[in-house]
Amino acid sequence: MVFSGLVFLFIFLPSVLLVYYLVPFKRKNAVLAMFSLVFYAWGEPVYVLLMLYSVVLNYASALIMESSPNKKQVLVFNVVTNLLILGFFKYCGFLTGIVRDITGADIPELKVALPIGISFYTFQALSYVIDVYRGKVKPQRNIVDFAAYIAMFPQLIAGPIVRYSDISAQLRKRRISLEGFGRGSMRFTFGLAKKVLLANVLGETVEMLGTGDLTVLGAWIAAVCFTLQIYFDFSGYSDMAIGLGRMLGFRIGENFDHPYISSSVTEFWRRWHISLGSWFREYVYIPLGGNRVSAAKHIRNIMIVWFLTGLWHGAAWNFIVWGLYYGLLLLFEKYVLSHIKLPKAVALPLTMLFVIIGWVIFSANDMASAFSSIGAMFGAGAAGLTDKLSVLALIESWKLIIVGALFATPLPAMLCKKLTDNEAGKAAVMIYAMALLVLCTAFMSAQSYNPFMYFRF
Amino acid sequence: MKKNKNSLFYKLYGVIFAAVIIGCTFCFVILPKNEYSSREKRVLASFPQLSAASVTDGRFMEGLEDYEADHFPARDGLITLKTEAAALMGKKSSHGIIRLDADHLAECFTEPGAQDTTELTWAVNAFATRHADSKTYFCLVPNAVSTYSDRAGEYCPGDDQNAYIDDIYRGLSSLKAIDVREIFALNKDRVDIYYASDHHWTSDGAYMGFLAAQAVMGLTSQEYSAVVIDNEFLGTLSGSSGYTLSKMDSVKVYLPLSQQNYTVSYDGEGRMAVSCYDTTKLEEDDKYLVFFGGNYPRITIKTDCGEGRKLLLIKDSYANCFVPFLLRSYEQITVIDPRYYSEDLDLQADSVGYDDILFLYNVNTLSKDNCLVSVLNNR
């Protein structure tokens, strides 16, 4: 199920909330776990078994690890199993394709439907068992509470990746209040608006332009619209997750901090998908030695982390290239640019340029079309400067590009905060949020276009 | 103190939000459901079948999404809100429909692949060659988006119909083309050639088409008086786009000044009529059905015009309001709609021995339809 659909907002959510608020506190995690499984089964009826398996596997691993003298073996077994499951469902087709290309052997292509959110919940589970191994957290003895953590529907399919250590206390005790519910529902409303009113509508322009035979103007509009689309899609989803969590009494950490105002690529990755970045730092980069090693090893560490980051986003070469591209950019910033101080007026647009090019690689179907799109942006192989289609795309999208660029900055949130200082301002924010909710409902009812961007993650 | 004030603000929004989602869910569940949307002219989704199989493969879930979208409270209003909001954001079209101006809608055109066009012209040419005793004509009527391209603007979504019409006519070597574009261009600002809210041409438009055909086919003309028979027509373009118009369309018919007798036989239905007009359809939403009551596989019209000529008309719904102009010229007219016709068209043509064969289509139907090719090729 996706948050931006009528069935979620007008059947599922009211049902969860009613039951969740009616049962006594000690039953709330069970209600949450049960509804989360229904939520997951909605899109993937069969894979709910996989989800249950993952719950049992990680629950049992942690308990066994606690009492076993061979902690390390249990950990290795668990991590390998988790990664094998992820690998089988996500990377099997990709790997058999590579083997076939290299050997020329006639291997049938293995196509397995990707269980939604598997990359997210596998990483959550890994954070749990590794933290138990490190002694950072105590294993969870209540399997219902543990299932509520792994399957928790707000962040189940598109993050944020909530680490067990951040939420274990809340599973036992959390404050559920009307004020928290209200804050959560406002956060949810803003996130929904980002997804439905900005990301989906910008996505229509991206789709209209397609990828073939782009003009210079068309290639830029497609790149800029996708840049905004993926930000509002992803950060909108995180906002909805955080808001839903808040409605249920959970405090989930922020996942985005206005990445498009960054003055360096390093800063961009501190602001973009924060929970993924910190997961890789905690469980890959630092265990490899981080930056407290020789330059050569540091470079190796960075490239490993960014290769994996790319691969995590999808089983295709362009994701790997996209990850390595960021690895190289970060190394360049660290070892070359750190000696030069660029003025903000140069650094900010330059960072955005690299980010936009990154998204072109990310969004392409394959590397060939990524190169042809990037080429077209700079005139190489472009089908002219403009044509009717790209001018039409500009006419249709310029307002949203401006609005989108504005909403990618912290200004709207600052304005909102300022407005709530006085009564008239509060009324304005209230009406604004209600209008967004109605408008989102209208857009969802007309349901012409509601893609889900994370199927490949 | 300040914190308390904000707390009240969030509490209030929490209550409103909960009331909205619970209220809408409640209304959705208890309100009576329509089976048919008169506005969109389609049957709405029914409640999906609940079974182990339909849940396992996800059909139930997909069905429920469609069902809720089709039966959501105040759906028509929400769709209009969406369309107008999207237009404010800059969208030029909604579901492939654009606004020509405040009062006129038009359907955009997507050019089919070159292979489809070749297959089509080949099939029509071959049919004309097989029936070389008859004179074969082809009339391809552009849609509003093309005729009123000046209103649609330079950057209208979709492709150019003129190039497509030229391609088709160039491909139809064995036929005589009836090109209505010139007469449309001369009259388009004087009369409404198309309904403002519907994809069909008006009777005024069809009359222009008749004048163009008359010059090529040597048809008999007569005097008409145009009579408005309905003022409350809201066509499919308005319904399926969500755009609202300031006024409704009127439906006009051209009545000949001199009386003429004819019979209309709906073949296969065993039904006869003595008029081209089924005025009971004016009670329905789709007032264009007044012409012959809609589309039928085969209609045979016999007139007392005494000319002795016979016409085979292969057509889409544009012909429904065009046929009345032909009654003075032919003693027998066989009207075939290939979308519903499943018999042998060659047999039909051979057994009657038509003087003329006319293909009458509008561009948007012809370019999307593949029934014509299959009917023509089914020798």
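What you see as residue numbers is a count from 1 along each chain, following the sequence as written. Here the convention is simple: chains get letters from A, ligands get numbers from 1, in the order in which they are written. In keeping with the model being predicted, local features are shown solely for residues with a pLDDT of at least 70 and side-chain atom pairs are shown and tallied solely at 80 or more, while totals for entire chains, interfaces and linings include all residues.

Draft legend 1. Structural detail: the overall build of chain A. Scanning chain A from N- to C-terminus turns up 19 helices and zero strands. This radius of gyration counts C-alpha atoms alone. The globule rule is 2.2 Å times how many residues there are, raised to the power 0.38. Against the compact-globule benchmark of 23 Å for 457 residues, chain A has a radius of gyration of 23 Å, which places it among compact chains. Taken along its principal axes, the extent of the C-alpha atoms in chain A is 65 × 65 × 50 Å. Each residue is classed by its C-beta neighbour count within 10 Å, where at least 20 other C-beta atoms makes it buried, 12 or fewer makes it exposed, and intermediate counts make it partly exposed; the C-beta atoms are placed from backbone geometry. Sorting the 457 residues of chain A into buried and exposed places 47% on the buried side. Contacts are defined on C-beta atoms placed from the backbone: any two residues whose C-beta positions lie within 7 Å are in contact. The long-range share in chain A, meaning contacts at least 24 apart out of those at least 6 apart in sequence, stands at 73%. In DSSP terms, a helix is any run of H or I states spanning at least four residues, a strand is any run of E spanning at least two, and both are numbered starting from the N terminus.

Draft legend 2. Geometry of the nonpolar core. Definition of nonpolar core: a set of buried Ala, Val, Leu, Ile, Met, Phe, Trp, Tyr and Cys residues joined via C-beta atoms within 7 Å. Counting 148 residues, the largest nonpolar core has A151, L156, L198 and A222 of chain A as the members making the most contacts within it. Take this core: its biggest share by element is 18 residues, from helix 10 (residues 216-247) of chain A. Grouped together as the second largest cluster of nonpolar side chains are 82 residues, C108, A152, L175 and F210 of chain B included.

Draft legend 3. Structural context of the packing of helix 9 (residues 178-209) of chain A against helix 17 (residues 388-407) of chain A. Residues and elements named next belong to chain A. Each axis is a line fitted through C-alpha atoms, and for a helix only the stretch in contact is used; angles between axes span 0 to 180 degrees, taken between their N-to-C directions. Close contact between helix 9 and helix 17 brings their axes to 10 Å; oriented N to C, the two are set at 155°. What the angle tells us is that helix 9 and helix 17 run roughly antiparallel. Here helix 9 and helix 17 pass one another in a crossing that is left-handed. Facing helix 9, whose interface residues are L198, V201, L202, T205, M208 and L209, helix 17 presents L389, A393, E396, S397, L400, G404 and F407. By the convention adopted, Pro, Cys, Tyr, Trp, Phe, Met, Ile, Leu, Val and Ala count as nonpolar, Lys, Arg, Asp and Glu as charged, and the other residues, Gly among them, as polar. Along the lines of polarity and charge, the residues of the contact of helix 9 with helix 17 split into nine nonpolar, three polar and one charged. For classification, angles of less than 35 degrees are called roughly parallel, those exceeding 145 degrees roughly antiparallel, those between 65 and 115 degrees roughly perpendicular, and all remaining angles oblique. In a left-handed crossing the near helix is turned counterclockwise from the far helix by less than a right angle, and in a right-handed crossing that turn is clockwise.

Draft legend 4. Region of the structure containing the pairing of strand 15 (residues 356-362) of chain B. Residues and elements named next belong to chain B. In terms of burial, strand 15 is a largely internal element, seven of the seven residues being buried. Residues of strand 15 alternate between two faces, with D356, L358, L360 and N362 on one and I357, F359 and Y361 on the opposite face, all of them buried. Any two strands with at least two DSSP-identified bridges between them are counted as paired. Across seven bridges, the pairing between strand 6 (residues 135-141) and strand 15 is parallel. Each residue of the ladder has a partner; that of F138, found in strand 15, is F359. Judged from the five bridges that link them, strand 13 (residues 310-315) and strand 15 form a sheet pairing that is parallel. Bridging across to strand 15, L311 finds its partner in D356.

Draft legend 5. Inspection of unusual backbone geometry at higher detail. Of note in this structure, H273 of chain A is not a glycine but carries a positive phi near 40°. Here H273 of chain A is to be found in the loop between helix 11 (265-271) and helix 12 (274-285). When the 20 C-beta atoms within 10 Å are taken as the criterion, H273 of chain A is described as buried. Look at A74 of chain B: it is not a glycine, yet its phi comes out positive at around 55°. Inspection of the secondary structure puts A74 of chain B in the loop between helix 3 (59-71) and helix 4 (75-89). Taking the C-beta count within 10 Å as the criterion, A74 of chain B has 15 such neighbours and is therefore assigned partly exposed.

Draft legend 6. Representation of the environment of K344 of chain A. Residue and element names in this part refer to chain A. As for its position among the elements, K344 is in helix 15 (residues 344-363). Taking the C-beta count within 10 Å as the criterion, K344 has 10 such neighbours and is therefore assigned exposed. As a C-alpha pair, K344 and S263 span 81 residues in sequence and 6.4 Å in three-dimensional space.

Draft legend 7. View of helix 2 (residues 25-43) of chain A. Taking 1.5 Å per residue, 19 residues should reach 27 Å; helix 2 of chain A reaches 29 Å between its end C-alpha atoms and fits that length. Packed against the buried residues of helix 2 of chain A are helix 1 (6-22), helix 3 (48-67), helix 6 (143-151), helix 7 (153-156) and helix 8 (164-172) of chain A together with helix 3 of chain B. In this scheme, a helix's expected span is set at 1.5 Å multiplied by one less than its residue total.

Draft legend 8. Expanded view of the domain arrangement of chain A. Residue and element names in this part refer to chain A. The domain limits used here are those given by an automatic or database domain assignment. If you check the domain split of chain A, you get domain 1 (6-174) and domain 2 (180-263 + 342-445). One C-alpha centre belongs to domain 1, the other to domain 2; they are set 29 Å apart. Opposite the 14 residues of domain 1 that make contact, domain 2 presents 15 residues. When residues of the side of domain 1 that touches domain 2 are traced back to their parent elements, those giving at least two are helix 1, helix 7 and helix 8. Partitioning the side of domain 1 that touches domain 2 into residue classes produces nine nonpolar, three polar and two charged.

Draft legend 9. Main features of the sheet that holds strand 4 (residues 97-101) of chain B. Residue and element names in this part refer to chain B. The three strands are arranged 3-4-5 in an open sheet whose pairing can be described as antiparallel. Either end of the sheet is taken by a strand with one partner, and the two such strands are strand 3 (93-94) and strand 5 (104-107). For strand 4 and strand 5, the ladder comprises four bridges, and the chain directions are antiparallel. The residue bridging R99 from the neighbouring strand is L105, located in strand 5.

Draft legend 10. Structural view of the sheet that holds strand 14 (residues 332-336) of chain B. Residue and element names in this part refer to chain B. Reading across from one edge, 7-6-15-13-14-12-10-11 is the order of the eight strands in this open sheet, with mixed pairing throughout. The outermost strands of the open sheet, each flanked by one partner alone, are strand 7 (176-178) and strand 11 (271-273). Here the average twist between neighbouring strands, direction ignored, is 20°. Each of strand 6, strand 7 and strand 15 is contacted by helix 10 (residues 203-217), which is oriented at about 155° to strand 6, the strand it contacts most.

Draft legend 11. Quick peek at helix 8 of chain A. All names here are of chain A. Burial in helix 8 covers these residues: Y164, I167 and L171. When helix 8 is viewed along its axis, its buried side chains cluster within an angular range of 80° and face the same direction. Of the exposed residues in helix 8, those oriented more than 90 degrees away from the buried face are A169 and R172. The arc in question is the one spanned by the directions pointing from the helix axis to the C-beta atoms.

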